[in-house]
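So you can see what is in the structure, the chains are spelled out below.
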Amino acid sequence: MTSFAPDSIVLNRKLPLWYQVSQSLRASILGRAPQDPLRLPTEEQLAGHYGVSVLTMRQALKELEDEGLITRHRRRGTFIEPDAQQGAPVRLLGSVDAIVAQQSGMTTRLLNHGTVPVPVAFAEHFPGAATVPSYHRLRADEKTGEPTNHARNYLRPDLGARVDLADLERWPMTKVLRDVVGVRISRITDSVQARLADPETSRLLEVPLLSPILHYTGITYDEEGRVLDVAVIHYRGDRFSFTVTLDAD
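Bear in mind that the values here come from a model prediction, so they are computed numbers and not experimental data. (Residues numbered from 1 in each chain as written. Predicted model: local features only at pLDDT ≥ 70, side-chain atom pairs only at ≥ 80, totals over all residues. Heavy atoms only, no water.)

Undergrad: How do you make sense of helix 1 (residues 17-30) when you look at a structure like this?
TA: An α-helical turn contains 3.6 residues, so any two residues separated by three or four positions project in the same direction. For helix 1, spanning 14 residues, the distance from its first C-alpha to its last is 20 Å, which sits close to the expected 20 Å at 1.5 Å a residue. The set of residues buried in helix 1 consists of Y19, Q20, V21, S22, Q23, S24, L25, R26, S28, I29 and L30. For helix 1, the secondary structure elements touched by its buried residues are helix 2 (43-50), helix 3 (54-66), strand 1 (70-73), strand 2 (77-80) and strand 8 (212-222). (Helix = DSSP H or I, 4+ residues; strand = E, 2+ residues; numbered from the N terminus. Expected span 1.5 Å × (residues − 1). Buried < 20%, exposed > 50% of the residue type's maximum accessible area, 1.4 Å probe, protein only. Contact = heavy atoms within 4.5 Å.)

Undergrad: Would you explain the packing of aromatic side chains in this entry?
TA: The description of an aromatic ring pair rests on the distance of the ring centres and on the angle between the ring planes. Counting across every chain of the model gives three aromatic pairs. The side chain of K175 reaches across the aromatic face of W171, ending 5.2 Å from its centre. Directly above the ring of Y221 sits R187, whose terminal nitrogen or CZ lies 3.8 Å from the centroid. (Phe/Tyr/Trp six-rings, centres within 6.5 Å; stacked < 30°, edge-to-face > 60°. Lys NZ or Arg CZ within 6 Å of the ring centre and 35° of its normal.)

Undergrad: Sorry if this is basic, but what is going on with the pattern of salt bridges here?
TA: Pairs may arise between side chains of opposite charge once their charged atoms sit close together. Counted under the stated rule, the structure contains 13 salt bridges. A salt bridge links R58 to E43; the shortest N-O distance between them is 3.0 Å. With a gap of 15 residues between them, R58 in helix 3 and E43 in helix 2 connect regions that are remote in the sequence. Its relative accessible area of 16% is what places E43 among the buried residues. A salt bridge links R152 to E200; its shortest N-O distance comes to 2.8 Å. One end of the pair, R152, is in strand 6 (residues 147-155); the other, E200, is in helix 7 (residues 199-205), with 48 residues separating them in the sequence. Look at the salt bridges and you will find they share partners, linking R156, D158, D222, E224 and R226 into a network. (Salt bridge = Lys/Arg side-chain N within 4 Å of Asp/Glu carboxyl O.)

Undergrad: Can you help me understand unusual backbone geometry in this one?
TA: In most cases, non-glycine residues show a negative phi, while peptide bonds are predominantly trans. At E206, a position not held by glycine, the phi torsion is positive, near 60°. Mapped onto the secondary structure, E206 falls in the loop between helix 7 and strand 8. E206 sits in the exposed class, given a relative accessible area of 58%.

Below is the structure:
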C-alpha cells in the first residue's frame, strides 16, 4: 500500500525536535491533496526521513494523535483521519476584487491604529518620511469565530487622514484606497514566506508558539510608481495555502 509522503524540513537543534517534526508533519497533513494516501510511513521510515530517533518520532506522532489528525493501529499502521481539516486556499489573483472576495465570510476587528516610525525594513518605500500611519487588524471566520490572520498596514503619510476606520472593519485596505479614498492602483507586488509563529502571532491566532504560519508582504503602487501601502499579514499555516496559476503563453 502506498504511503503518504511528508515534506522535508531543516531542523533547528535549539528547538525541541519532536515539536518541529510534529508541526512539519501537521502542516503536510493539513495541506495534502485529496487524492494523497491516508496511510503514513512507519515510525522508522519517518524517523529516517526527518533524521531523528524513533523515540522522538513517536513523541511527535502522539502529539498529532492527541489532536485527532491521525489514528494508530497495532500491526496495521498509522493513518490520517479523513476528516482532518483541509487548509482553505488563498489564491493570488490579479485584481483588487479577487482580494476582496478572498476576505468574504470573515469578520475584521481593528486592534489599534496610529502613527509609528517607518519600519526599517520598509524605509526605502517611504522616502523622506520619518513616520507613517499604521493599522493593525485581526480577521476571524464568520461562522466559527476562529482567528485566521492578523494584518498590519503602513500607508503613505498623506493618505492616513483620508481613511475611515469603520471602512477597515468591512473591507481590505486595497478596496478602501481604491473605492473610498479614490487613488488609482497600478499594481501589487506579493511575497510569501514560511515562518514560525512568534509570541504575538501565537496569542492572536490562538496557535502554539512556533507553529508554522504564512508570512505575506504586499506592496501597493499607484500609477506613478509610488508606494501607497505596505501590508504585512500572518496567516495560520493550518488554515491556508497559496495557489498561483501561471499562463503558458
